[in-house]
Structure formats: C-alpha cells, structure tokens
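Spelled out, the chains give:
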Number of protein chains: 2
Amino acid sequence: MAQRTHYCGELREQHHGEQVVLKGWVQRRRDLGSLIFVDLRDRTGIVQVVFGDEAPEAREIADKIRNEYVVEIEGKVVLRDPSQVNPNIATGNIEVVASDIKIINASKTPPFAIEDYVDINEDVRLKYRYLDLRRPVMYNTFKLRSDVTRTIRNFLQNDGFLEVETPILTKSTPEGARDYLVPSRVHEGEFYALPQSPQLFKQLLMVAGFEKYFQIARCFRDEDLRADRQPEFTQVDIETSFMSMDEIIDMTERMLAAVMKEVKGIEVQTPFPRMTYQEAMDRFGSDKPDVRFGLELINLTDIVKDCNFKVFTSAVEKGGVVKAINVKGANDKFTRKDIDALTEFVAIYGAKGLAWIKVTEEGFTGPIAKFFEGQIVEDIKNATGAEPGDLLLFGADEASIVAASLGALRNKLGKELGLIDESQFAFLWVTDWPLLEWDEEEKRYTAAHHPFTRPFDEDIELMDTDPGKVRAQAYDIVLNGYELGGGSLRIYERDLQEKMFNLLGFTKEQAYEQFGFLLEAFEYGVPPHGGIAMGLDRLVMILAGRNNLRDTIAFPKTATASCLLTEAPSPVTPKQLKELHIKVDLPE
Amino acid sequence: MAQRTHYCGELREQHHGEQVVLKGWVQRRRDLGSLIFVDLRDRTGIVQVVFGDEAPEAREIADKIRNEYVVEIEGKVVLRDPSQVNPNIATGNIEVVASDIKIINASKTPPFAIEDYVDINEDVRLKYRYLDLRRPVMYNTFKLRSDVTRTIRNFLQNDGFLEVETPILTKSTPEGARDYLVPSRVHEGEFYALPQSPQLFKQLLMVAGFEKYFQIARCFRDEDLRADRQPEFTQVDIETSFMSMDEIIDMTERMLAAVMKEVKGIEVQTPFPRMTYQEAMDRFGSDKPDVRFGLELINLTDIVKDCNFKVFTSAVEKGGVVKAINVKGANDKFTRKDIDALTEFVAIYGAKGLAWIKVTEEGFTGPIAKFFEGQIVEDIKNATGAEPGDLLLFGADEASIVAASLGALRNKLGKELGLIDESQFAFLWVTDWPLLEWDEEEKRYTAAHHPFTRPFDEDIELMDTDPGKVRAQAYDIVLNGYELGGGSLRIYERDLQEKMFNLLGFTKEQAYEQFGFLLEAFEYGVPPHGGIAMGLDRLVMILAGRNNLRDTIAFPKTATASCLLTEAPSPVTPKQLKELHIKVDLPE
C-alpha cells in the first residue's frame, strides 16, 4: 500500500494541483451516472472524491464500494467550480479527482449513520461503541479529553510537580463508598481493595518529602450505576507540602485557566469568586451553586414570623425558616397546573408544599395572598424586589429542606426559563465547610469530607466543646453548578489525627488497626500538607458540552452492561474459582 | 507561617546577601559549642544553616532539633570562607546564617539514615517506605520516571496521538497469564477481570477510527512475585492505523530518542540496528541480546561433526548443534574450579556439561584437546578467531539448549569480565518472529505473541501447510539485553482472524464466545492497524541505573507484603463477603 500523504479534513485551496494519497472510510457514495462522488472520512474530517471517465478502472471499483468501506485513494486536488462549493465543510472549496482506489476492507451496512446528530438508543450506541466513536462529535470529545489532560500535566510538571503512580491493588480502608474487592490467590482468604482515591498514598508521599505530587488517577466505587456515576472514574489528584490554602487555590486557578485557554480558547478571570459554605446554602440552597443566574433564595423568616399564614409561622416556631425566590416577570407564565407540577417537584426534596404569590399592580394575588397585609407586604416586596408581574415561590420548613427544595427549584427554573448563558463558564470556590456532620441514625459525628481534613486552627478547641461548629480548611471548586472537585489542608500532627478519629467514634485500637501505618508515619517529621482532587470525567463533560458522563468515557459501564460485551462481568470457570479459594453463594 | 522563598538545593553564590525563608527536614545537626550547624534538606538538595550568637533565641531552638524534624528557617545567604567551601554539594559555596527558626513537626529517630547509600534490608525500607523515599536517590528515580512519561506524552501528542483511557474493570479473556478477578455485586456470580493489557480495547479504538491512540496504562497479572515482576505494572501502550511496520518502528525510535535526549542528555543514533529473531538466537543465544559486547556464539557444527569427541558427534547425529564462545585472553583467568562453577551455571539451562579448551602457543590444551587434530583445529581457530591465551567454551545439544545455556553464560561472563560499557545504551530491534509455537504438552500451536498478530502476507498460505514456519509481522525493542517491549501489525480481516483462532485450537463457537465482540466489529470496515507496548517500569529501571524493579514503583508489592501495610491484602468482614455472594474456601 502507498503511504498516506494527507488527512482528508486538512485539504484546502492551497493544495490545488497536488497529487495525494488518502486513506479512510466511505461516508457516502452518490452515483450520478457519468460521475461517482465519494465522501471520504478520516478522523480529521471529510473530503469529496470524484471518479470520472479519466480513470475508468477506479470508477469501476468505486461503483462497488459502500458506506464504511475502508479505502485508499490516489488523486489530484482541484478547486471546485464556484457553483459546487460547499460552505458547510472545511474542505468545501476543493475536491479530489481520483486516479486510483483500493478497497482495503469491506463493511456491512452499519446499524446507524456515522453522523453527529443521530437519534438512537444509547444501548445500541454502546453495543456498537466502535461505530458510535466514529461519529465526529465523539472523536472530538476524546480529543478534548486528551487535550485537557495534556494541559493539566504540562502545567503541573512545569510547576515542579511529579506525576507518581499509586497502587490499584491496595488495602481496604473504611469510610466512604463500598470498595471493589479482589481475592488474593497467594494470601488465601484475603482481599485487595481497589482505591476510592489515592488519598492515603498521596499523604504518604508528602511524608516522603515529595512536596509536589499529582496523578491522573483511576478510582473505583462499587455503587449502583447512575447517570452521573461510573464505577470507575478518573480524578486529577494533587497534593502539596508547605503550601497554604490560598497558594493551593491560586495554583488550581492558574491550572484551570490554562485548560480553558488551551482547550476552549477562553480567558477566564482569576481569582475566582469565593463563597463560604454557609453563604452558598443561604443564597442558593446548594453547596455547589450555579452562579450564572440569579433567582436567589431570600430569607423572609423575620418578616413573616408574625404573619397570619399558619404554615409560615409554625415553620418558624419549630425553628425552621421561610424563604422565597422571585421569578421575575413570570407572573403569567405559570398556570395553576404548572405550579402544581412544581409542587410535585419540590416534594422530591421533602417540601410539604409550594406556597406562591403573584404580584400584580393591585398587590399580591393567589390563595395565600390574603394572609399578608400592611407592612409585611411592603417588607416582602422590599426584600424580594418584587414588582408587578413577578411570581414569588416560597419554602417554609427546616432550613435543610428549604435549601434543598428551593435550591433544586432554582436550578430547574433557571434552565427552563433560559436564564442561563450557556456560553459562560462560572467557576466558584466554596470554603469554610463544617468539619463534621451529625449522623442522626448512628448518633455519632462523621467526617464531612474525610477524616484527614484539617480544622481551622482557631476552631480546634471547639472539637472538645462543640464539634458541630468546627470549620474545616476545605474548599470545593464549582463550575456551572457542578462540583468539579474539592480539597483541604490535612492534619499533620499525630495527636490531632488521633483526636479526630476519636471524635468519629474510633477507639484508639480501631484507629491503629485501620490507619496505623499513617499514624506511625506521622511520628517521623510530617510536613504541613494539603491538596485537591477533581473529577476529570465531569470536567470534560462540561467543556465538551455533553450532558451524559458516559460520552466522556471510551468504554463506559451501564446498568444493562450486557449490551457492551467488552464491559460485562462474566462467569468464571470452576478452575478459576478453585484457585481463588472462593465459592459463589448465589441468592435463591 | 511565612512563605517559602527558595528551595534549599538551589541556593548559590548569586544569592549572597539575600534574606530567605526555607522549609525542610533536618538532615544533620552539629553542635560546635558557639555555633550550631544544621544541614537542611528538601527535595532539591541540602544547604548548611548556621546558628550563632546573633540570634540567641533561634540558637536555643536549634539546640532542641533532631534529625528529620520539619523546620522553617529564616536567614541570610552568605558566602562561605574559602577554607569552608564544600565541593561535594551543589550549595557548598554558601551557607545561611539563621535569624529565626520554627519547629513545624518533630520526628522520632528514623530506623535508618536518609542517605543514598544505606545498607539495609529491603523489607525495612518497604516498611518505612515514606522514609526510604526521602533518600535523594529514590526521589531522583521518581523524578526521572515523571520526566520519562512527560517526554513520551509530549512526543506522542505532538505527533497527533490521543491519550485514551480504557477500562480497568473488564471482561476476562483467555490466553496469557492469570487474571485478577473482581466479584460483581450487581451481577451475582459474575466477575470482572483486571486487564493484562489494553490489547482488545486499543484494537477496538482503531475500528472506531481513532487512528492514533496511546495510553500509559496500568496492567495486571496474578502471578507469583518475582524480583523482575510486579502484579501491577505500567505499560506505554500505542496503536496506529494505516501505518506500516517501518513507520511504527521509526516513530518508536524517535520517541525513545526524545526520551534519551530529555532524560539522559544523550543523543542516540537512529535508526536502531535490526536483527531477525533467528540471527539473534544464532549469534547471541537470546531473543533479547545485549549487543554492548561480543562473546558471540560461533556455530561449529559442520566443523566438528566428524571429530573424535563423542559428545560433539552424537549431539550432531541427534540433530543438535555444537557452538562455542571465545573468551579472549581468559585462558589463565579460569581455574578448573571456576570452570566447574560455570558448568553448574549452564546446567540450570539444561546443558549436560561445559566442554572447554585453552588455547596456548603450543595449541589446544585441556581434557578434550586430544580429540581435535589437524585441519579441525585450524578450522576451529579460524571460525572462533582463537589465539594463544583464549578460552573456548562449548555447548553441544539441541539448538534450544545450546542457545539458552551459552546465551546465559555469555551474559554472565560479559558482566563478570567487565566487557560491558555500562554508560552505553544499545537499542536493538528483533524482527521476523515465528507466529506460532508448538506446545508439546497440549499438542497444539499457541500464539508466540498473541492471537491478533499478523503473519507476513507471503507466509499466509503456510498457515495451512506448515504453520510452524509462518513468520509474524512482529518486532521487539531491546535495550541493553532487556526486552523493553514489543509490537506487531494486527490481523484486520475476519476470515484471517478466524483462521488464526482455528489454528490455535478454538472451535468457531469457542472463538465467538470469547472474542465475538471483536469478530463482530471486524465486519464493519476495520483499517489495517498495528502498535507496540513497552514496559515503563523496566525502562525507568534501566535509565535510572537501578537493578531492582521495585525501586521504580512508589509502593510496590513484595512476597512478604505484610511488611508494607498499605499494600497487603486484608481480610474482609462477613458483611462484605455476604454482599459479594461469595464464600471463602480456605484450604486445610
């Protein structure tokens, strides 16, 4: 076979007159009697090839080819007649007049067209993933993914970071999600775990004095499949020594700015805005607010605590809150039925109802309008900025339920009302997280992030007196309402780490049994350290403008895994089981 | 804490007079009464810090610090008195006069010194891996590893390759080593396998039209631990479409040349020499010859077939070969006892003995000298280039035993006699491999590489008539006698792939059961493709001048895995087992 001289998608006017050898797939063949037109595709794009009378043998072969055949074509680049120019493709000004063609491989008719916009079931796409990935939109997503990791790696390595690989077969450590377990053949009855993150290893690398570590690391969680979760996922994992929270945040911002520049050609403003966890929950009802639009939650608790509406006052009496969002000018966009649908929506988040008021020139209207009068009406108007035409939607319940339900409602309305500028990329830091969360079921504190997160120095004494109030030196990075990742400074003193384990309900023996190697390492000169981890799949999904995480993964898993044979678990042979010393205990 | 202004190892004369903030570990403290000297270490190196009368408080704190304490030091860089210059360290011309010191963290006395040359048991090093990795030689190995992957990635991405991640939780495919298996909680009784290589996925990516794929991929083999094997290892994995063997070889050479340039500052000559498998076996008795030295195997079969030495003639009569290596000038370096030791050594490789002749001015001497006379002596001298002072060592047996034993002997003598220029990096391609190997035990052919390897086009018809003679379009890259990696062109026609599976003893049903997804993909326009895979761990080991593969892996596994708690498999709880639907069946 001849050597390829050019890629299809790269041919332009400047190649006019050049003799070329192209290789690729037949996108489409049109037989116009005297001429056969073939759209030839490779990973760079499509070019039109013409077979005519000058090369009758080639024309005869071209007559036999069908879509997705693999062919090699020799020919000459010529300018198209102005009337034939196709402005929709990059090579639309030229075409290749073929002198020779070889069929390298044939193809059955593919089950779906190899085009960006195809309306097909995802199961079919996954069954024929090798065809699905031929669609330019998919190739471009993986090109973008490769470019993102390249930019991140170059940025970090230029900044003195070392990429270090940590083990995949590792020790099971509790906390977090369920581990995948791997039976050991050598150590009978024992199991390796697949890591949920390289957390412990990266901390050990800081103890080892590596100072600046990163890894683009595969992580695993044995959880049920959801649209936005994969059992194996990839994390940009970073750890540093001797750096303050501000320094880590600044470094991360410069890294993300480099990615945006390189991959999207967008200059993002740094520093990114920061918001405390409390402010994010108060204003947006979310710890990962999408700040590309308003619709903020307005706290009316003080204003309505003495109103005549029982639902509000009793919520306040029970220690709850009353909040509203003002949907500007939406007064006549929502019918009673629409609002009923919204009420069902907020019920998912635990809200017992969705009170609403339409603001008109005449004042408040709607079923609960009558409960508000005089100064309270004015105060609500002032607080919410309500004007005639606006729709006020209320939540009244425990603070967490109001946040969850109005926060979700805000996102839903933001999307549906087109309030979001989809071309915008809004980065945001959320800081000052609580260190601990109270687990009502188990009647104990759990780590809000993980047990190695460092409390604010000035809050350390609260660990003894009021642990729920302790703030963590933790920070999450949010993009367009998605949690991209998060990090923290870590505990580096053994005493403090022991105290933390103690707060989490570990006895000293348990702590040493499970984390002894870390506590032991903590006796040998541990530097202050901290880092961050970011989900690569999600970052790629956002930057590629996809809305399905699986589109960012070459061979993803699905709940109906059998549709992609390469991905399904499969029965093992009795011999294999015997070697593993395990018996399968199938449920009845 | 103050922000670090410099790294310890980077301070030079040019910093004279500068005020600096350093952070790091105490390498050594010397108390000279009026002065305390502290060698402060970070990942870049060591600098000397002096505490004197100018800062009595700092001096007091410095009095308390011990080795491996983590400290922050403020001070001023000054030139050392010429008599105090230390030429052994990069910062030896200067020192830092401390004005302040803070103890950030204390340390117990470490179990071994943090120095390049320490004579300690590897188990102890692995137990305290976080201290072992503080030794500069270890840090530098991982720096080199990071630099190697960076160079490879940049080279390939600049050459249009996409890095694509393939799954770790995948389907078990037979052939090769034992798979690690992961029980699926969702699909009861079924298991994922961890990949031994991304082979099938990278071929599917070629079917998908990605054309140029690479990945620095983690791979897994459930094998017993050996010094040169780890159950998880990293592979530079490359696949291309439409490229010839020469193009793939050329691309690989340019990539390796870039690594040598970037990491070692060495310009290597390209193209690398090539040698067929047969020539490598004939001349060096090895399919991965170290060509940095001679000591080649010389075939004397024809010359000695009629000699008087029964051992030689009977080997020839049985269809075997007689070969010799000429150890130049070693005549008097080897006592009878030495040769006995060599005889024991070759016995490991199946040799029944080691005949030898010492060449003197008077002719051949030694126990078998008497069997050779006249023209045969002259012919042996001519063939081997034997001169007075030389030692000839002979192998006479089946070709494979002679190759294995003399090949190993050659490597051993090359090292022991100092014939190898250790500063040299000798790359070599070994080509024209056999496609199939005959398995005497199972009475069937097995794939010499893997079942997707492409035969030479002109040998395809031999598949029906004389399969053992079929050559593969496969190539191994060898460096200094180590197999760095290998690759091949692949079969891309379904018919040929089916024929191959058939030769390997698969029924059509079995082939489809195990590789159906690939054979099915082969119906949809598969491009010609081929690639290469290289062991990263081994490449790093050679370039870093280490002789232990574990030194290239941050947290390796050992046969006594319990010495590194983070690495050991561990018992799981009954609850976890129940969720996995498996019972452990411990042997008595």
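What you are looking at is a predicted structure, and each value in this text was computed from that prediction instead of being measured. (Residues numbered from 1 in each chain as written. Chains lettered and ligands numbered in written order. Predicted model: local features only at pLDDT ≥ 70, side-chain atom pairs only at ≥ 80, totals over all residues. Heavy atoms only, no water.)

A.B. asks: Outline the overall build of chain A, listing residues and values.
C.D. replies: From N to C terminus, chain A includes 17 helices and 24 strands. Along the longest, intermediate and shortest principal axes, the C-alpha atoms of chain A span 90 × 75 × 55 Å. Residue pairs in contact within chain A that sit at least 24 positions apart in sequence constitute 67% of those at least 6 positions apart. When the accessible area of chain A is evaluated, it comes to approximately 24,600 Å², of which 47% is carbon and sulfur surface. Each charge class in chain A was averaged separately, 71 positive and 96 negative side chains, and the resulting centres sit 5 Å apart. (Helix = DSSP H or I, 4+ residues; strand = E, 2+ residues; numbered from the N terminus. Contact = heavy atoms within 4.5 Å. Areas by Shrake-Rupley, 256 points an atom, 1.4 Å probe, with all protein chains shown as cover. Lys, Arg positive; Asp, Glu negative; His and termini not counted. Charge placed at Lys NZ, Arg CZ, Asp CG, Glu CD.)

A.B. asks: Lay out the relation of the copies chain A and chain B with the relevant residues and their values.
C.D. replies: Of the two same-sequence chains, chain A is brought onto chain B (RMSD 0.1 Å, axial shift 0.0 Å) by a rotation of 180°. Considering both components of the superposition, the chain copies are consistent with a two-fold axis. Mapped onto chain B, 100% of the interface residues of chain A again fall at the interface, so both copies present the same surface. (Least-squares fit on C-alpha atoms with pLDDT ≥ 70 in both.)

A.B. asks: If you had to explain the sheet that holds strand S3 (residues 45-51) of chain A to someone new, which residues and values would you point to?
C.D. replies: Residues and elements named next belong to chain A. The strand order around the closed barrel built from 5 strands is S1-S2-S3-S5-S4, with neighbouring strands paired in mixed fashion. Shown here is a sheet whose adjacent strand axes are inclined to one another by a mean of 55°, direction ignored. Of the strand pairs in this sheet, strand S1 (residues 19-31) and strand S2 (residues 36-42) are connected by 6 bridges, and their pairing is antiparallel. Bridge assignment links Arg30 to a residue of S2, and that residue is Phe37. (Pairing = 2+ DSSP bridges. Axes fitted to C-alpha atoms, helices over the stretch in contact; angles between N-to-C directions.)

A.B. asks: Break down the UniProt feature "binding site: L-aspartate" (unreviewed entry) in chain A for me, with residues and values.
C.D. replies: Residue and element names in this part refer to chain A. In this structure's numbering, the residues bearing the UniProt feature "binding site: L-aspartate" (unreviewed entry) are Glu175, Arg221, His449 and Arg490. With respect to the helices and strands, the residue Arg221 is situated in the loop between strand S9 (212-220) and strand S10 (232-241). You can call Arg221 partly exposed: its relative accessible area is 25%. For Arg490, the position within the fold is in the loop between strand S21 (482-489) and helix H14 (494-503). When its relative accessible area of 2% is taken as the criterion, Arg490 is described as buried. A polar contact of 2.7 Å, which involves the side chain of Arg490, links it to the side chain of Glu239. (UniProt positions renumbered as here; feature names shortened; annotations may be inferred. Buried < 20%, exposed > 50% of the residue type's maximum accessible area, 1.4 Å probe, protein only. Polar contact = N/O pair within 3.5 Å; in protein donor to acceptor, adjacent residues only side chain to side chain.)

A.B. asks: Describe in detail the environment of Asp42 of chain B, supporting the description with residues and values.
C.D. replies: Along the chain, Asp42 of chain B falls in strand S2 (residues 36-42). With a relative accessible area of 5%, Asp42 of chain B lands in the buried category. Between the alpha carbons of Asp42 of chain B and Ile216 of chain B there is a distance of 29 Å; along the sequence they are 174 residues apart. Setting aside anything within four residues of it in sequence, one finds Asp42 of chain B in contact with Glu211 of chain A together with Arg4, Tyr7, Cys8, Gly9 and Lys23 of chain B. Here Cys8 of chain B takes part through its backbone nitrogen, which lies 2.7 Å from a polar atom of the side chain of Asp42 of chain B.

A.B. asks: Describe the interface of chain A and chain B, and please don't skip the residues or the numbers.
C.D. replies: On the side of chain B, 118 residues touch chain A, which itself brings 118 residues to the contact. Both sides together, the interface formed by chain A and chain B hides about 11,000 Å², and carbon and sulfur atoms give 58% of it. Among the residues chain A hides against chain B, the three largest losses belong to Tyr130, Glu165 and Tyr524 of chain A. Together they make up 7% of the total. Scanning the region where chain A abuts chain B turns up 49 residue pairs in polar contact (both at pLDDT 80 or more). The greatest single-element share of the side of chain A that touches chain B, amounting to 10 residues, is contributed by helix H4 (residues 136-158) of chain A. (Buried area = accessible area lost by both parts, 1.4 Å probe.)

A.B. asks: How would you summarise the domain arrangement of chain A if you had to cite specific residues and measurements?
C.D. replies: On domain assignment, one finds that chain A holds domain 1 (13-105), domain 2 (112-272 + 528-561) and domain 3 (293-420). Look at where the C-alpha atoms of domain 1 of chain A and domain 3 of chain A centre, and you get two points 62 Å apart. (Domains from an automatic or database assignment.)

A.B. asks: If you had to explain the pairing of strand S4 (residues 70-79) of chain A to someone new, which residues and values would you point to?
C.D. replies: Residues and elements named next belong to chain A. Taking burial as the measure, the 10 residues of S4 include 7 buried ones, the bulk of the element. Sheet analysis places S1 next to S4, joined by 7 bridges and oriented antiparallel. Each residue of the ladder has a partner; that of Gly24, found in S4, is Val71. Of the pairings in the sheet, the one linking S4 to strand S5 (residues 94-105) comprises 10 bridges and is antiparallel in character. Each bridged residue has a counterpart across the sheet, and for Lys76 the counterpart in S5 is Val97.

A.B. asks: I'd like to hear about the sheet that holds S10 of chain A, residue by residue, with values.
C.D. replies: Residue and element names in this part refer to chain A. What the 8 strands build is an open sheet, ordered S6-S9-S10-S22-S21-S20-S17-S11; its pairing is mixed. The sheet terminates laterally at strand S6 (162-163) and strand S11 (274-276), the two strands that pair on one side only. Direction of pairing for S6 relative to S9: parallel, over a ladder of 2 bridges. The partner of Leu162 across the bridge, within S9, is Tyr213. Along the sheet face, H4 touches S6, S9 and S10 and points at about 150° away from the line of S9. Relative to the sheet, helix H5 (residues 199-207) contacts S9, S10 and strand S22 (529-535), its axis offset from that of S10 by approximately 20°.

A.B. asks: Give a detailed account of the packing of helix H4 (residues 136-158) of chain B against helix H6 (residues 245-264) of chain B, specifying residues and quantitative values.
C.D. replies: Residues and elements named next belong to chain B. Remark: H4 packs on H6, axes separated minimally by 9 Å, with the N-to-C direction vectors making an angle of 140°. With respect to H6, the axis of H4 lies oblique. By crossing handedness, the relation of H4 to H6 is classed as right-handed. Of the residues in H6, those touching H4 at Leu144, Asp147, Val148, Thr151, Ile152, Phe155 and Leu156 are Met251, Arg254, Met255, Ala258, Val259, Glu262 and Val263. When the residues that make up the contact of H4 with H6 are grouped by side-chain class, the tally is 10 nonpolar, 1 polar and 3 charged. (Parallel < 35°, antiparallel > 145°, perpendicular 65-115°, else oblique. Left-handed = near helix turned anticlockwise from the far one by under 90°. Nonpolar A, V, L, I, M, F, W, Y, C, P; charged D, E, K, R; others polar.)

A.B. asks: Give a detailed account of the UniProt feature "binding site: ATP" (unreviewed entry) in chain A, specifying residues and quantitative values.
C.D. replies: As recorded in UniProt, the sites labelled "binding site: ATP" (unreviewed entry) are Arg221, Asp222, Glu223, Gln230, Glu483, Gly535, Leu536, Asp537 and Arg538 of chain A. Among the residues examined, Asp222 of chain A registers a relative accessible area of 2% and is labelled buried. Aside from chain neighbours lying at most four places away, what touches Asp222 of chain A is Arg178, Asp179 and Tyr180 of chain A together with Arg185 of chain B. Mapping Gly535 of chain A onto the fold places it in strand S22. Among all residues touching Gly535 of chain A, those that are not within four sequence positions of it are Thr234 and Leu484 of chain A.

A.B. asks: So what's going on with the packing of aromatic side chains? Which residues, and what values?
C.D. replies: Across all of its chains, the model carries 46 aromatic pairs over all chains by this definition. Measuring from ring centre to ring centre gives 4.9 Å for Phe201 of chain A and Phe555 of chain B, while their planes differ by 55°; the resulting arrangement is tilted. Taken as a pair, Phe201 of chain A in helix H5 and Phe555 of chain B in the loop between helix H16 (536-543) and helix H17 (574-580) lie in two separate chains rather than in one. We note that Phe201 of chain A, like Phe555 of chain B, is buried. Taking the centre distance of 6.3 Å and the plane angle of 40° together, the rings of Tyr524 of chain A and Tyr130 of chain B count as tilted. (Phe/Tyr/Trp six-rings, centres within 6.5 Å; stacked < 30°, edge-to-face > 60°.)

A.B. asks: I'd love a proper account of the pairing of strand S19 (residues 444-447) of chain A, names of residues and values included.
C.D. replies: All names here are of chain A. Strand direction decides the pairing type here: strand S18 (residues 436-439) and S19, joined by 4 bridges, are antiparallel. The partner of Leu436 across the bridge, within S19, is Ala447. The antiparallel hairpin formed by S18 and S19 contains 4 residues in its connecting segment, where Lys443 sits at a positive phi of about 50°.

A.B. asks: An account of unusual backbone geometry is requested, with residue identities and associated values reported.
C.D. replies: Residue and element names in this part refer to chain A. For the peptide bond that leads from Thr270 to Pro271, omega is -5°, which places it in the cis range. Positionally, Pro271 belongs in the loop between helix H6 (245-264) and S11. Of note in the backbone geometry, Asn480 takes a positive phi value of approximately 50° without being a glycine. Counting through the fold element by element, Asn480 comes out in the loop between strand S20 (474-479) and S21. A residue is classified by how much of its surface remains accessible, and Asn480, at 8% relative accessible area, is buried.

A.B. asks: How would you sum up the environment of Asn299 of chain B? Please name residues and give values.
C.D. replies: All names here are of chain B. Counting through the fold element by element, Asn299 comes out in strand S12 (residues 298-299). Residue class for Asn299 comes out partly exposed when judged on its relative accessible area of 44%. With 96 residues separating them along the chain, Asn299 and Gly395 place their C-alpha atoms 9.7 Å apart. Residues in contact with Asn299, not counting those within four places in the same chain, are Val322 and Lys323.

A.B. asks: How would you sum up the side chain of Glu68 of chain A? Please name residues and give values.
C.D. replies: The residue Glu68 of chain A is located in the loop between helix H1 (56-62) and S4 in this model. Those residues in contact with Glu68 of chain A, other than ones at most four positions away along the chain, are Trp25, Val26, Arg41, Ser107, Pro110, Ile114 and Arg134 of chain A together with Tyr524 and Gly525 of chain B.

A.B. asks: Summarise the environment of Leu300 of chain A; cite the residues concerned and give the values.
C.D. replies: Residue and element names in this part refer to chain A. The topology assignment puts Leu300 in the loop between strand S12 (298-299) and helix H8 (301-304). Separated by 94 residues in the primary sequence, Leu300 and Phe394 place their C-alpha atoms 9.3 Å from one another. Aside from chain neighbours lying at most four places away, what touches Leu300 is Val322, Lys323, Ala324, Ile380, Ala383, Thr384 and Phe394.

A.B. asks: Could you give an account of helix H5 (residues 199-207) of chain B, naming the residues involved and the relevant values?
C.D. replies: With 9 of 9 residues buried, H5 of chain B lies mostly within the body of the structure. Among all positions in H5 of chain B, only Gln199, Leu200, Phe201, Lys202, Gln203, Leu204, Leu205, Met206 and Val207 of chain B are buried.

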